[in-house]
Amino acid sequence: MSESKLLASISLDLDNQWSYMKIHGDAGWQAFPSYFDIFIPYVLDILKTLGLRVTFFIVGQDAALEKNREPLSMITSRGHEVGNHSFSHESWMHLLSNEKVEEEVIRAEQLIQQVTGQKPVGFRGPGFSWSADLLSILSDRGYLYDASTLPTFIGPVARMYYFWTSNLTRDEKKNRKELFGSFKDGLRPIKPYYWQVGSQNKIIEIPVSTIPVIKLPFHLSYLLYLSGYSLNLMRLYLNSAIWFCKLTKTEPSFLLHPLDLIGGDQIPQLAFFPGMNISSAQKIIIFQEVIKTLSRHFQIITMSEYARKLFMRNNLRVVNITQ
Ligand SMILES: [Zn+2]
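Please read these numbers as outputs of a predicted model, since none were measured by experiment.

### Here's the deal with the coordination of the zinc ion
Around the zinc ion, the protein contributes the donor atoms Asp 15 (OD), Asp 15 (OD), His 85 (NE2) and His 89 (NE2), at 2.1 to 2.8 Å from the metal centre. Coordination at the zinc ion is irregular, judged from the 4 donor atoms that bind it and the angles of 51 to 132° they form at the metal.

Put into structure tokens, the structure is as follows:
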């Protein structure tokens, strides 16, 4: 008798070279330098060898530029799915006016659809930022899900580390004061749920998974970081995360970033970034092992496939928005 596997969804936040430079406070990002011509064909080949289809959350600003169009169109022509990662990747959606949030969603959505031929049905806020306005705009526009929350207490700690390693001014730091989330985010559910939007509507929330009970993140950036100390430590951490997921019947939403998969050997412009001293080859070895481990325990699907399953099951709890 075969036991049916829990599901897991995998997504990649397609942050470009300029957005890393921007969050780091480096000059030159305003010209929107891009590594997509190198990164996208490279990552699509790796996903193919793993037989993996994932959801790419795309930033509208990238889809607006001619130089990125061809690589971006490869994502859907090679069978993957796209989601909306805002227009300008400003990691403080909660500070923007309703009109500005609307513009961030709609401009990105239209450009992504133009370039990839696919209309996004899911949204992930940059830097895990979101707001009640955002959720109601997504719901009005018929989005199936939001995936902006990261239920962890570690956000404020990650932010301190980021401030400490960046070149940001005091004002820039002020804008980023909730970057990576507040302590309140640690209290939010890990399993998917419905946000109650206004009195009539609701939208599915698929949080970026953290380890059930202890709420520590385990997305690929963290695993890669641990692998720098010891591969066995990384394995222990990942296996504990999986064990807690299975124990609590949590279906993980597993997050990837470009710099988890490619090293400074191929993107020398970002060689200064943490973790970029690890070679592309080594990153891929880690990625392959992590994916193989996850697939032993879970059936892997895309974010929208997962959102549709959740919708069909019709048993999600409904949560009121408290920011
Ligand atoms: Zn991002």
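### Let's talk about a negative patch on the surface
A surface patch of like charges, here negative, comprises Glu 99, Glu 102, Asp 133 and Asp 140. Where the negative patch is concerned, the elements lending two or more residues are helix H5 (98-116) and helix H6 (132-140). Along the chain, Glu 99 turns up in helix H5.

### Describing the nonpolar core
Buried together is how nonpolar side chains tend to be arranged in soluble globular proteins. Grouped together as the largest cluster of nonpolar side chains are 58 residues, with contacts concentrated most on Leu 14, Phe 39, Phe 56, Leu 72, Phe 254, Phe 287 and Val 290. With sequence-adjacent residues up to four places away left out, Phe 254 is seen in contact with Ser 9, Ile 10, Ser 11, Phe 218, His 219, Leu 220, Leu 223, Val 290 and Leu 294. Grouped together as the second largest cluster of nonpolar side chains are 17 residues, Val 105, Ile 137, Trp 195 and Val 319 included.

### Comments concerning the environment of Ser 280
Take Ser 280: it is sitting in helix H11 (residues 280-297). Sequence spacing of Ser 280 and Ser 304 is 24 residues, and the spatial spacing of their C-alpha atoms is 29 Å. Once you skip the residues sitting within four places of it in the chain, Ser 280 turns out to touch Tyr 42, Leu 261, Ile 262, Gly 263, Asp 265 and Gln 266.

### Considerations on the packing of aromatic side chains
Here the distance between the centres and the angle between the planes together describe a pair of aromatic rings. Summed over all chains, the structure comprises 13 aromatic pairs. When the centroid spacing of 6.2 Å and the interplanar angle of 55° are considered together, the rings of Tyr 35 and Phe 36 count as tilted. Overall, the relative accessible area of 0% leaves Tyr 35 in the buried class. Judged by relative accessible area, Phe 36 falls into the buried class, the value being 0%. Measuring from ring centre to ring centre gives 4.9 Å for Tyr 193 and Trp 195, while their planes differ by 80°; the resulting arrangement is edge-to-face. Each member of the pair, Tyr 193 as well as Trp 195, carries the same accessibility label: buried. In this structure an aromatic cluster arises from ring pairing among Tyr 35, Phe 36, Phe 39 and Tyr 42. Taking the ring centre of Phe 87 as reference, the NZ or CZ of Arg 107 above it sits at 3.8 Å. Across from the ring centre of Tyr 194, 4.4 Å away, lies the NZ or CZ of Lys 202, which sits over that ring.

### Considering H5
Here H5 is 19 residues long and its end C-alpha atoms lie 27 Å apart, about the 27 Å a rise of 1.5 Å per residue gives. For H5, the complete set of buried residues consists of Val 101, Glu 104, Val 105, Ile 106, Ala 108, Glu 109, Leu 111, Ile 112, Val 115 and Thr 116. Considering only its buried residues, H5 is in contact with strand E2 (55-58), helix H3 (60-63), helix H4 (66-77), strand E3 (81-84), strand E4 (122-123) and H6. Among the residues trailing H5, Gly 117 stands out with phi positive, at a value near 75°.

### Some words on the layout of surface pockets
Of the pockets and cavities examined, the second largest pocket occupies roughly 260 Å³. Together, 13 residues line the second largest pocket, and Lys 191, Pro 192, Lys 249, Tyr 306 and Leu 316 are the ones closest to its centre. Of the residues contributing to the lining of the second largest pocket, the split by class is 6 nonpolar, 2 polar and 5 charged.

Criteria and thresholds
- For every chain, the first residue of the written sequence is number 1, and numbering continues from 1 onward in sequence order.
- Only residues with pLDDT of at least 70 are given local features in this predicted model, and only at 80 or more are side-chain atom pairs given and counted; all residues enter the totals for whole chains, interfaces and linings.
- As a rule here, side-chain values cover all heavy atoms of the structure and leave hydrogens and water aside.
- Sodium, potassium and calcium take a 3.2 Å donor cutoff, other metals 2.8 Å, and in both cases only N, O and S atoms count; water is not among them, so sites may look incomplete.
- Note on geometry labels: four donors, all angles 85 to 135 degrees, give tetrahedral; four donors become square planar and six octahedral when opposite donors are over 155 degrees apart and every other angle is between 65 and 115; remaining cases are irregular.
- Every patch collects residues that have over 30% relative accessible area and no salt bridge, joining them within 9 Å if they carry like charges and within 5 Å if they are nonpolar side chains (Val, Leu, Ile, Met, Phe, Trp, Tyr).
- Methods summary: accessible areas were calculated by the Shrake-Rupley approach with a probe of 1.4 Å, and residue burial reflects only the protein chains presented.
- When a carboxyl oxygen of Asp or Glu lies within 4 Å of a side-chain nitrogen of Lys or Arg, that pair is called a salt bridge.
- Note that His is not counted, nor are the chain ends; the positive residues are Lys and Arg, and the negative ones are Asp and Glu.
- The location of each charge is read from NZ of Lys, CZ of Arg, CG of Asp or CD of Glu.
- In DSSP terms, a helix is any run of H or I states spanning at least four residues, a strand is any run of E spanning at least two, and both are numbered starting from the N terminus.
- Nonpolar cores are built from buried Ala, Val, Leu, Ile, Met, Phe, Trp, Tyr and Cys residues. Side-chain atoms within 4.5 Å join them into one set.
- Each residue is assigned to one of three classes by its accessible area relative to the maximum for its type, calculated with a 1.4 Å probe on protein chains only: buried under 20%, partly exposed between the two thresholds, exposed over 50%.
- Two residues qualify as a contact provided that any one of their heavy atoms is within 4.5 Å of a heavy atom in the partner residue.
- Any two rings among Phe, Tyr and Trp, with Trp reduced to its six-membered ring, count as a pair given centres within 6.5 Å; such a pair is stacked if its planes are under 30 degrees apart, edge-to-face if over 60, and tilted if neither.
- In this scheme, the term charge over a ring applies when either NZ of a lysine or CZ of an arginine sits within 6 Å of the ring centre and within 35 degrees of the ring normal.
- The span expected for a helix works out to 1.5 Å for each residue beyond the first.
- With a 1 Å grid spanning the protein atoms alone, the term cavity applies to any set of points in which a 1.4 Å probe fits but cannot get out, the term pocket to an open set with protein on both sides within 12 Å along at least five of seven lines, and the term lining residue to any residue with an atom within 4 Å of a point.
- Grid points are joined across faces, edges and corners, and a volume is the space filled by probe spheres set on the points.
- Throughout this entry, Asp, Glu, Lys and Arg are counted as charged residues, while Ala, Val, Leu, Ile, Met, Phe, Trp, Tyr, Cys and Pro are counted as nonpolar. The remaining residues, Gly among them, count as polar.

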